[in-house]
Structure formats: C-alpha cells, structure tokens
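Now for the letters of each chain:
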Amino acid sequence: MIVTSCRRVLQAGSLGLAGFLPSAVVWAVVSSWSSVGIAAPTVDYALGLEPFQPGVAYDRLSAEEAASASIQMEKGAGGSAWVVRAADGRVLRAFADTNNDRVVDRWSYYRNGIEVYRDIDSDNNSKADQARWLGEAGSRWGVDDDEDGTLDRWLSISAEEATAEIVAALASGSSRGFTRLLPTREELEAAGFRGELLEALATRTAAAAEGFAELAASQQQVGQAARWNNMLAALPGVLAADGEQLAADVMAYDNVVALFEAGDTAGQVFVGSLVRCGDAWRPVDLPQLPGQSGEISEPLAFFSPQMPAADAVGPQMSEAIKPLLEALRVVEDRLVEAGPAERPPLIAQQLQVLQKIAAAADPADRSFWVRQLAETIAAAVQESAIEDGIERLQQLAEQVASDPDLGGFVAFRLASARYAAGMLAEDADLETVQNAWLADLEAFVKGYPKSPDAAEAMLQIGIAEEFSGNEEAAVERYRQIAAVFPETAAARKAAGAAWRLESVGKPLTLTGTTSDGRSFSLASLKGMPVLVHYWASWCEPCKVDIARIRELRESFGPQRFAVVGISLDAEREALAAYLGSNSIPWVQLHEDGGLDGRLAEELGVLTLPTMLLLDAEGNVVDRNVMITDLEKKLGDLLGPQ
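The present account deals with the structure reproduced in this document. A quick note: this is a predicted structure, and the numbers were derived from the prediction, not measured. (Residues numbered from 1 in each chain as written. Predicted model: local features only at pLDDT ≥ 70, side-chain atom pairs only at ≥ 80, totals over all residues. Heavy atoms only, no water.)

## Topic: the nonpolar core
- Counting residues in each nonpolar core, the largest one holds 56 residues, and the members touching the most others are Tyr117, Trp133, Leu170, Val222 and Val269.
- Of the residues forming this core, the biggest block, seven residues, is contributed by helix H4 (residues 159–172).
- Those residues in contact with Val222, other than ones at most four positions away along the chain, are Val167, Leu170, Ala171, Phe260, Val269 and Leu289.
- Of all hydrophobic cores here, the second largest spans 42 residues; its members include Leu531, Val564, Leu575 and Leu638. (Core = buried A, V, L, I, M, F, W, Y, C linked by side-chain atoms within 4.5 Å. Buried < 20%, exposed > 50% of the residue type's maximum accessible area, 1.4 Å probe, protein only. Helix = DSSP H or I, 4+ residues; strand = E, 2+ residues; numbered from the N terminus. Contact = heavy atoms within 4.5 Å.)

Below, the structure is given as structure tokens:
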C-alpha cells in the first residue's frame, strides 16, 4: 500500500490545496494500513496537488464533482500508484512509485482521461527534477538540474514549442527561459557540426545568450499579455553530411517567424533558423523584432546560401527580391505617416509589391510572403482602402488550395474580409450579413478542421449560439474547442464561457491583484452576497452600472453585500487614469490583456458590462444579472432595504 507522509510545503498563511507542492510530497509504501495506522490519502488532498510547472491545462473539479470522485491504489507493470478517478471512471491523477522503493516518484495529471503532464523524481530524493508534457499538451521534456522549480534545459521540444518559449521569454523578460533553448557546443557537435560551421554556430549562440537580457529590457512590442499564436515557416530541410563541416545530416528550419497576440493586437518575432539537436529544436540567433516599418536589422536565415559575390556569374533570386524589399520598406514608411486620404493609393502600391515578392520568392520562403499578402489584403478590406479585396483573396485562395495549411490561412482571411465588407456596406442587412458570416465559418471549420484558425472560427460560432439563446449548443461548441485546441487563446476563452453558462448554483473561485497592487481572493468575502462587475473605462454603459451600483450599495448598506469590480482595460494606466478622477469605493482587480486577459478568459467574458451575483456561500445566483433587475435580485437575497 502507498500512504502519504506528513511532510509537505504550504504557501505562507494558507492551508488551501493550491499550496501543496509535488516536489515536497513523499508517499511511502507499506504492507498494510493497520501496520502503520495511517489513513489513505483523501481525494481532496490528491486533487490539491498541482504541477510543478505553470500553465498546464488539466482537469480540475468543482467541489460537487470532487465529492463524487474516488481514490484507490492500483498496481500495474509500472509499479503501484494512487489513482484518482471521476464519477464516470475517468482518470484525473496518478501518483506512482515506479521503482518499488516505497516513495512516489511520478506525479501524473490528466485531461479528458489522457495524461497530459507529469512531474518526475528521477534521482529519488523526493523532489521533482523533470517535467514532461504529453498527449495533446505537446512534447516538451525539461530538466530542473538544481531542483529549484525552474527548468534548466530541454531534453525534447518541438520547433513550434521552441518559438512559443521565445515569445514567452520576451514577454516575461526571462533570460533563463531563452538561454535554455540555445544549443551547447557539445549538443552542436553531437548533432554533427564540425570545423568552421561549428565555430560560427557557437559564436552566434554565445552572442544570443549575451544579448537577450538587453533585448528583452529594451523591446516594447512583446508585452506581458502577449501569447504565442502560431509558427510561420516553410518545411524543414536537411543539411547533408559532407565529411567536413557536417559529420551527419542535420535537420533545420530557415526564416522562422513566431506570431503572437495581445488583446486586439498581433505581432511577429523573427526567430531566424532552428536546428534539431537530438529531440530538441533549438534557435541559433537572438530573436529580432520588426522596426517601425516592419524591417529587421539582419538577414533571417543562417543556413540559406549566402549572397553571391559581386563578380558571380548568372542571375540570383535574392538579387531579384532585394529591390522589391526596398520598395516595400519605402511604401510602408510612407504609410506610417499617411493621412486617411493618402492611405488607399499607398496600400495599393504595398499590395502590388507584396504580390511580386510572393511570386519571386524562393519556394522555401513563399508561404511566409503569401501569408503576409493575405493578411494585408484582409486588413485593407476592413479599412475600406481597396474595392477588389474580396476578389484578390478569392484568387489567392484558389492558387494555394492544394496546400492545406496555407489554404486554410487564406480561406479564413477571406471569410473575415467578406464579413467586414458586408458590415461596412451602406445598405447592410445586419441579420443577413451575420448569417452569411456564420455559414462561412461553418464551411471553414468543415473544410479545415485542423487549421489553427478553426479554434477562432468555432469560438465565433459558439458566441453567436450563446447570444441567440441556444445555450446548450454553445456549451457543446465551447467544450469542443477546449478539447480539440487546448493550448489556444480561443480554448481558454471557450472553457471559461462553458463554465459561466453552467455556473448557477456553483461556487465561484476568483483571485487577482487589486488596482493598488494587493493580492485578493473572493473567498475572503464569504459570509455576505457579492456582486462581481466586469467593466472597462472605455465602456459607457459600464459607467451607468457603476452609478446605479453605488446607489444600491448605499441604499442596502455597504455591510450587507460586497462588490468586486474587474477592470478589463487593456492597460493599467487607463484604469488608473479613470480612478484618479472617479473614485470607486469597492475593490478593483486588474491584469493586462483586457478581454483577452486571464480575468476575462476564466469566465469567458465576451461583452461588457457583465455581472454575476453570488450568495453568502459564494455560489452563483445569477450569471448575467442586468442592472435593471439588480435591486430586486438583491432584495431577494438580503430582504427589505
């Protein structure tokens, strides 16, 4: 049998389950409970353990669901384990002793019955020193050499995950997060690099490690709210062994771009080249961020052929593109300063140049430029800067239809452009336009079910179903997004929306940071009803709500119910400016990101204002209370004023 010792670490001042750290949990194996007189671990204890690494998406249960879960020891080929199962038999957690030394050395977490993450104690000292993502969560496998809770190196990481780590490192300013991606000299040698090529790579990676801290501190494009969205790159190629510079074949990407999103904005990080060292894809250069006009300071590629000498014979493709890139830079520089009347002709020039670049680009780079062209056309349609944008996108979609990834990318921009054009038309019938948009989205999801844009398309369909009153279909759609695209921003929003729609009667868990920098937990208000108000300083109806809430708070008495404001301003400065001239006497939570930030995602908040009313036990009474009904709802909870 496996039991737990009493040794565990709790967060200061807290006895909550979230404080348990798996590296400090020791579960001993004994022959029977009676021999030691220790009870089996409880479901609550087991569900309170959390992954050592942040950001893992795994099944979490409400208090009601946890009450129906069970825990028992199960034996298998890999040893004994305490296994937690939901009422329907799904595995939720498994804490195993894999080497029969009477101590747990593997903590596994599951999503939809499939293991998605595990902490591993490989040196059997009762501390997790490895973290591995599995199943739909990806393929990362990291090592924490000094067992301080932060990974020091990667045993395995995909190219996509490597670019996501680069975006995360820039967003957080973590030099460690970036440098652990870089290959060591030993790893480059093991991959097959030799001679001058090895020395060049070692020099580049050393410069990248040295320069990252300064880059992260000085750049302003990738903020804390930035989240990786996708990786743009042609197919990887093989650098063939030549017996001199390469002792073995090496797989590599050139011209890799990481896309990220932050609120309503999107951006790009130019990663350059990635090389495969063992099971890990690794960058060899410092990432670059585009300047004001979209330019970068150095060529992206390291492994592509170098520019020919001046006396080289014969035309070169790079020479054909070089003047086009310069022309694009000039046009985009002018666009930055252009007024509304000047923009349409400049955008027409921009599209003309982009089309020529896409046609002239090397096959390995063509996908990137086609995507740039599609994005620019779609943006021009939304700006009403061109009249033939839909036709251009249709032609582009036909040209790339044979490439599922590129075809899906262009098809989604085409659908979005059609919707924008329909909404901008002078005689627009909004219901007709909306129905056409939803039909386009349904067709897109059916035609490109694995496209990264399918998650956003499904989210838009789910939102439409929710707002039309078809909430059961919306919940089903939201859950599908969360299951199929678990690592996307759309999935986080969808999972929150599904919970919100089924939240009545359930306890709400809410934590955050107040506008003056203090930590806050909704649990601190247990014992009195609470109104949770999602708002933003740019939302005029929200301000009307605040005035009415203030009146009702004074009427009923501030000691009879509490109010928690959640500001979804994209930046803290906007909230601070509003509160500076408009004092609000209840707590305000804020995190950067606005409607795409964590506070909005956790409940899938889609529109403002949104209000939830909780009873004194913290359970949701009304998940979408209207300001006109609030007085009656409060009266039902509190009694007469």
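## A few points about helix H13 (residues 430–447)
- Taking 1.5 Å per residue as the helical rise, H13 with its 18 residues ought to reach 26 Å, and the 25 Å between its terminal C-alpha atoms agrees with that figure.
- All of the buried residues in H13 are Val433, Trp437, Leu438, Leu441, Phe444 and Val445. Viewed end-on, H13 has its buried residues packed into an arc of 135°, placing them on one side of the element. Seen from the buried face of H13, the exposed residues on the opposite side, beyond 90 degrees, are Glu431 and Lys446.
- The inward-facing, buried residues of H13 contact helix H12 (404–424) and helix H14 (452–467).
- For H13, the capping residue at the N-terminal end is Asp429, with a side-chain oxygen 3.1 Å from the backbone nitrogen of Glu431. (Expected span 1.5 Å × (residues − 1). Arc of directions from axis to C-beta. Polar contact = N/O pair within 3.5 Å; in protein donor to acceptor, adjacent residues only side chain to side chain.)

## A closer look at the environment of Arg413
- Assignment of secondary structure puts Arg413 in helix H12.
- Classification of Arg413 as buried rests on a relative accessible area of 12%.
- The spacing of Arg413 and Leu393 is 20 residues in sequence and 7.8 Å in space, taken between C-alpha atoms.
- Sequence-distant contacts of Arg413, defined by excluding residues within four places in its chain, comprise Ala374, Glu375, Ala378, Leu393 and Asp453.

## A look at the pairing of strand E14 (residues 265–277)
- Pairing of strand E13 (residues 250–262) with E14, which is carried by nine bridges, proceeds in the antiparallel orientation. Within the sheet, the bridge partner assigned to Ala258 lies in E14 and is Val269.
- Relative to strand E15 (residues 279–283), E14 is paired through four bridges, and the arrangement is antiparallel. The partner of Cys277 across the bridge, within E15, is Ala280.
- What sits between the antiparallel neighbours E14 and E15 is a turn of one residue, in which Gly278 has the positive phi angle 65°. (Pairing = 2+ DSSP bridges.)

## Topic: empty space enclosed by the protein
- Counting across every chain of the model gives one cavity of 30 Å³ or more.
- Approximately 40 Å³ is the volume attributed to the largest cavity.
- Forming the boundary of the largest cavity are Phe52, Gln53, Tyr117, Asp119, Ala128, Asp129, Gln130, Ala131, Asp144 and Leu151.
- Elements with a contribution of two residues or more to the lining of the largest cavity: strand E7 (114–120) and strand E8 (130–133).
- Class assignment of the residues belonging to the lining of the largest cavity gives a composition of five nonpolar, two polar and three charged. (1 Å grid on protein atoms, 1.4 Å probe; cavity = no way out; pocket = protein on both sides within 12 Å on 5 of 7 lines; lining within 4 Å. Points joined across faces, edges and corners; volume = space filled by probe spheres on them. Nonpolar A, V, L, I, M, F, W, Y, C, P; charged D, E, K, R; others polar.)

## Let's talk about the packing of helix H10 (residues 363–382) against H12
- At a minimum axis distance of 8 Å, the contact between H10 and H12 shows a crossing angle of 10°. Between H10 and H12, the crossing angle belongs to the class labelled roughly parallel. Together, Ser367, Val370, Arg371, Ala374, Glu375, Ala378, Val381 and Gln382 of H10 and Asp405, Leu406, Phe409, Val410, Arg413, Ala417, Ala420, Ala421 and Leu424 of H12 make up the contact between the two elements.
- Of the residues that constitute the contact of H10 with H12, the class distribution is 11 nonpolar, two polar and four charged. (Axes fitted to C-alpha atoms, helices over the stretch in contact; angles between N-to-C directions. Parallel < 35°, antiparallel > 145°, perpendicular 65-115°, else oblique.)

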